Amino acid sequence: MDSRQRKRSGGGRLWRLCFYLACVSSTSAQLSYSVSEELNPGSVVGNIAKDLSLTAQRMVQRRLRVVSESKTQYFEVKQATGELVIKQKIDREQLCELSSACSLHLQIVLEDPLDSQRVVVDILDVNDNAPQFSTSNISLEISEAAAPATRFRLESAHDPDVGTNSLRTYHLAANDFFILNMETKSDGSKFPELVVDKPLDRETQASFRLLLTAVDGGQPEKSGSTLLLIKILDVNDNAPVFDEPVKTVKLLENVVRGTLVTKLNASDADSGNNGEISFLFSKYTPERVFNLFSVDSKSGEIRVKGDVDYEKAVKYHITVQARDGGSPAMEGSCNVIVDIIDANDNTPEVTLTSLTSPIREDSAPETVIALISARDLDSGLNGKVTLSVQPGLPFKLNSAFGMHYSLITAGNLDRETVPEYTVVIKATDAGSPPLSSQTTFVVKLSDVNDNAPTFSQPSYSVDVPENNAPSAPIAAVLATDPDLGDNARISYSILSSMVQGSPISSYVYINPENGHIYSMRSLDHEQLNAFRIEVQARDAGVPPRTANVTVHVFVVDVNDNAPVIVHPSYPKDKRLELTVPPSAGPGHLINKLVGVDADSGHNAWLFYSITPGPNAGMFRIGAHSGELRTTRKWAEEEVGSTYDIMIIIQDNGDPPKSTYVNITVTVDEKGSAIDAPASPRHTPFYHRTGMSDITLYLIISLACVSAVSFITFAVLMVRCLRHQDSGLGDSDCCCYGRHRSSRYHQRPGKDLHLQLNTDGPIRYMEVVGGPQEPHTRTYRPCYSTLSSRSDFVFMKTPMLSHNNTLNMTLSRKHLMNSACEQKPPNNDWRFTQGQRPGPSGATGGPEVAMGTGPWPQPPTEAEQLQALMAAANVSEATATLGPGTMGLSTRYSPQFTLQHVPDYRQNVYIPGSTATLTSNPQQQQATAQQAAQQALPPPQVSAQPEPPKAAQTPASKKKSTKKEKK
């Protein structure tokens, strides 16, 4: 209000000054008048005449007129009065517009004399206009980022009035964010300014509708208004915001490309481009992330575009930015953590760090051979690796630390069995399904001299024909050594031994390189039928190893000896004289010729025959028995006659050899007693009593056997009880040697014992004389308390001695069984008339019961040994010699039966009995089986020897040799 009053008082003084000047100027050349606008026509502005000091008449005379400089004549002069009046209503705003001083210039022209007078009419403003805005509303866009006190110039209202009637002020409708400020220009005009009073937020309020009013200073004041439409322009003041600033996802490795990892969501409170979001990786994202993942700029989907491998990275940190379209753009970020889930996609790796090859075959257990490491790039169970070595190898794995292992020996190594091992180490992880890999390497073994040479056979048996040439090869041995090099280089030698008092080197020698054995002399079967060679094979290792083998050399008989008559004896340069009683009928036994042949086997088979001649039909001779018999009854006139015949004794050799015996047979009663010395010279008992001598002998034998058996059993029981009482009850045998036996003391150096030799393919029994070898078990004699002779009893189970000799004895149990279970002779054991011992003229049926007839002489010790050998080796003898032989000397072939025995000393006798064996194959086989079960070892004790082929055995050869010597 103070400013308005000041302006109004200033305006009044201005009008008074103008009026004063106008009065003064009336006397000058210019007249000044003032008039308000909007006056009606005819309104008097001033009196020109008066001011010009003209009278009305004079005005007329001089023709006073008004000339206006404007096109429009706003004034005119009344001629009558000389007044300057308004001819047309004056609008100052139209005439002068916004000019503060508005005046019209007139020119008063006078004539007679011509003169002009300037008139200035000031048009005074009248408040006839209200302030007006150019538009009914004003649109204003203000950025929400406008800071407080930010000014925005608004459109000014127009008021054509001037002075006090002009625009005075503005008013703004009340609000919380804007205030109005009014500024004055240098020309005095006023304009409003919109001032931001508080921070704006488009997101809170996006627009405003405010009424702006302009008021002038007239009386009464007038105003005009307009609607101020304020639009808050969005400013990119909001960055995009993710739903989750940190997002963790899991992703299985080896997924296919294009697999969706995750989808990101972001929002922006801004609008328009400021709110349009695009997704992208941060510019600081590593290159490997760009190679593996991609993000869709619109949807925000992160997908796999490469090969995701857990072993390369277990976790990826991906920074994804959401960028709006503002300028400048604002960004929000999200940290995506991608945890890679391990898949069992990596095969375990096995690395052979170190290997020692070859290794010594005698390496101690737990010797380290190789160092092995394993790894698996997977994790967890997928990376848990287990190493294993294939079964069947003498190795094992030992875990050192972590995934490092050592391969050590787990047993004894033998290069000869396996020279090298192909070791396969397999690594298996614990994934599902498990993956595995393996590595293979070879462990070689270096040789150690740990093997002695081995001969191709446990023993060798060779047959060498007698009369061989010296230096002739007789055998060859071969030994091998599984070792290598010098450890396998073998040399042969013969160990020192004695053969019949001479060193073995005088008989044979051996090539040390190839093992061929050569003879040093010619051999004679009749002097030496068999001997042994101990060959030693020695390798060149350090220390050397040796092996021995026995070579059994059998000197094969050659038919180089002719048969010889041993019974009956007669001078060699004379004929054999025999007699036959005249009463002898056909088949009468004249005598028995016994021939022997120093040869063996088939060469010793003898055949008896009568050469053709005039007297050959009167007699016949057993081809195998040698029994000379008559073929007819003699006539009375033939008493005293003599008959000459020739007997041929021929062996079975090739070519055969023979001996001729000239015999003169005289028919004479006197010489019958001399020719039959075994015939009883007294009247037989049975002739006096009418009892058969066979029955008498049977009764006496049964009584004796019963008495002897009872006494033997009683004595054995007493002695066994005494042994038990004295602490020897666990002894396996109650029998003992008869140390007081005269025969035993008479022959201390002989010490005969049986020995079963198992060397080579042929098993045979040997009757060995002399001291028994140390550590060798043999068949030792055990004498009964009642027997006057040395009967053999087997005492212990057979065992193999160090020289491969099988020795047998029987326990006390077998002895007791043998004593208690003694059975009478079998009925199949019978004597034929020709085989029954006794005088050549003994009579009887073709077959006499066992035990009838005395021995011609007590059986020798060799015969007892031969009987025991036949019983002990009956199974092999049966297989070797065939049925009917029952353990006879091998000088007779398998076809040779007891009927062919030329001499009773060559038959098999049972000690203490007068029975001999006949050729009953069935009974012999049963007896052989029983004897084998008692004498031979059980199968579980020692290996059952293979039955040899039908051939000669050294045991039989030795037996025959000893019998011949006896």
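Cut-off values and rules
Residues numbered from 1 in each chain as written. Predicted model: local features only at pLDDT ≥ 70, side-chain atom pairs only at ≥ 80, totals over all residues. Heavy atoms only, no water. Pairing = 2+ DSSP bridges. Helix = DSSP H or I, 4+ residues; strand = E, 2+ residues; numbered from the N terminus. Axes fitted to C-alpha atoms, helices over the stretch in contact; angles between N-to-C directions. Salt bridge = Lys/Arg side-chain N within 4 Å of Asp/Glu carboxyl O. Buried < 20%, exposed > 50% of the residue type's maximum accessible area, 1.4 Å probe, protein only. pLDDT = per-residue confidence, 0-100. Contact = heavy atoms within 4.5 Å. Core = buried A, V, L, I, M, F, W, Y, C linked by side-chain atoms within 4.5 Å. Disulfide = S-S within 2.5 Å.

Read across the open sheet, the four strands follow the order 33-42-41-36; overall the sheet is mixed. If you trace the sheet from one side to the other, it starts and ends with strand 33 (459-465) and strand 36 (490-494), each paired once. If you compare each strand with its neighbour and ignore which way they point, the axes differ by 30 degrees on average. Examined bridge by bridge, strand 33 and strand 42 (residues 546-556) share seven bridges and lie parallel to one another. Across the sheet, Ser461 pairs through a bridge with His552, a residue of strand 42.

On to the pairing of strand 40 (residues 516-519), then. Two elements, strand 34 (residues 473-476) and strand 40, share three bridges in a ladder whose sense is antiparallel. If you follow Pro473 over to strand 40, its bridge partner there is Tyr518. Counted between consecutive antiparallel strands, the loop separating strand 39 (residues 508-510) from strand 40 contains five residues, among which Gly515 sits at a positive phi close to 80 degrees.

With that settled, the discussion passes to the pairing of strand 50 (residues 642-651). One ladder, built from five bridges, connects strand 47 (residues 606-610) with strand 50; its direction is antiparallel. Across the sheet, the residue bridging to Ile610 is Ile647, located in strand 50. Bridge analysis of strand 50 against strand 51 (residues 658-667) gives nine bridges, and the strand direction is antiparallel. Residue pairing in the sheet places Ile647 in a bridge with Val661 of strand 51.

This paragraph deals with the pattern of salt bridges. Enumeration over the complete set of coordinates arrives at 18 salt bridges. The salt bridge involving Arg63 is made with Glu111; its shortest N-O contact spans 2.9 Å. One end of the pair, Arg63, is in the loop between helix 3 (56-61) and strand 3 (65-68); the other, Glu111, is in the loop between strand 6 (103-110) and strand 7 (115-124), and 48 residues separate them in sequence. Residues Glu627 and Arg629 are paired through a salt bridge, measuring 2.9 Å at the closest nitrogen-oxygen approach. For the pair formed by Glu627 and Arg629, the shared burial category is buried. Look at the salt bridges and you will find they share partners, linking Arg63, Arg65 and Glu111 into a network.

Looking along the chain, the bond that leaves Ser432 and enters Pro433 is cis, with omega of -5 degrees. For Pro433, the location among the structural elements is in the loop between strand 30 (420-429) and strand 31 (436-446). Not every positive phi belongs to a glycine, and Glu38 is a case in point at roughly 65 degrees. Within the secondary structure, Glu38 is located in the loop between strand 1 (30-36) and strand 2 (44-47). Of note in this structure, Gln500 is not a glycine but carries a positive phi near 50 degrees. Turning to its location among the elements, Gln500 is positioned in the loop between strand 37 (498-499) and strand 38 (502-503).

Averaged over every residue, the pLDDT of the protein chain is 74; the share at 70 or more is 69%. In the model, residues 1-28 has pLDDT below 50 throughout and makes 15 contacts with residues more than four positions away in sequence or in other chains. For the stretch residues 727-752, pLDDT sits under 50, and the model shows 49 contacts to residues farther than four places along the chain or on other chains.

One finds Phe455, Ile517, Phe531, Val535 and Val551 to be the most contacted residues of the largest nonpolar core, which totals 27 residues. At the level of elements, strand 33, strand 34, strand 36, strand 39, strand 41 (530-539) and strand 42 are the ones that each hand at least two residues to this core. In terms of residue count, the dominant contributor to this core is strand 42 (five residues). Beyond its immediate stretch of four places on either side in the chain, Ile517 contacts Ala472, Pro473, Ile474, Ala475, Val477, Val508, Tyr509, Ile510, Ile533, Val535 and Val551.

This part is about the state of the cysteines. Scanning all chains against the criterion turns up one disulfide. In this model Cys96 forms its disulfide with Cys102; the gap between the sulfur atoms is 1.6 Å. The chirality of the disulfide connecting Cys96 with Cys102 is right-handed, given an S-S dihedral of about 75 degrees. In this structure Cys96 comes out as buried when scored by relative accessible area, which is 16%. For Cys102, a relative accessible area of 3% puts it in the buried group.

Here Val120 is to be found in strand 7. With 87 residues separating them in the primary sequence, Val120 and Tyr33 have C-alpha atoms 6.0 Å apart. Apart from residues no more than four positions distant in its own chain, Val120 is found in contact with Gln30, Leu31, Ser32, Tyr33, Ser103, Leu104 and His105.

Another point: the sheet that holds strand 24 (residues 349-355). Within the open sheet, the four strands sit side by side as 24-26-29-28. Their pairing is antiparallel. Both edges of this open sheet fall to strand 24 and strand 28 (395-401), since each of them pairs with a single strand only. On average, adjacent strands in this sheet sit at an angle of 30 degrees to one another, irrespective of strand direction. Across five bridges, the pairing between strand 26 (residues 368-375) and strand 29 (residues 404-409) is antiparallel. Within strand 29, the residue paired with Leu371 across the bridge is Ser406.

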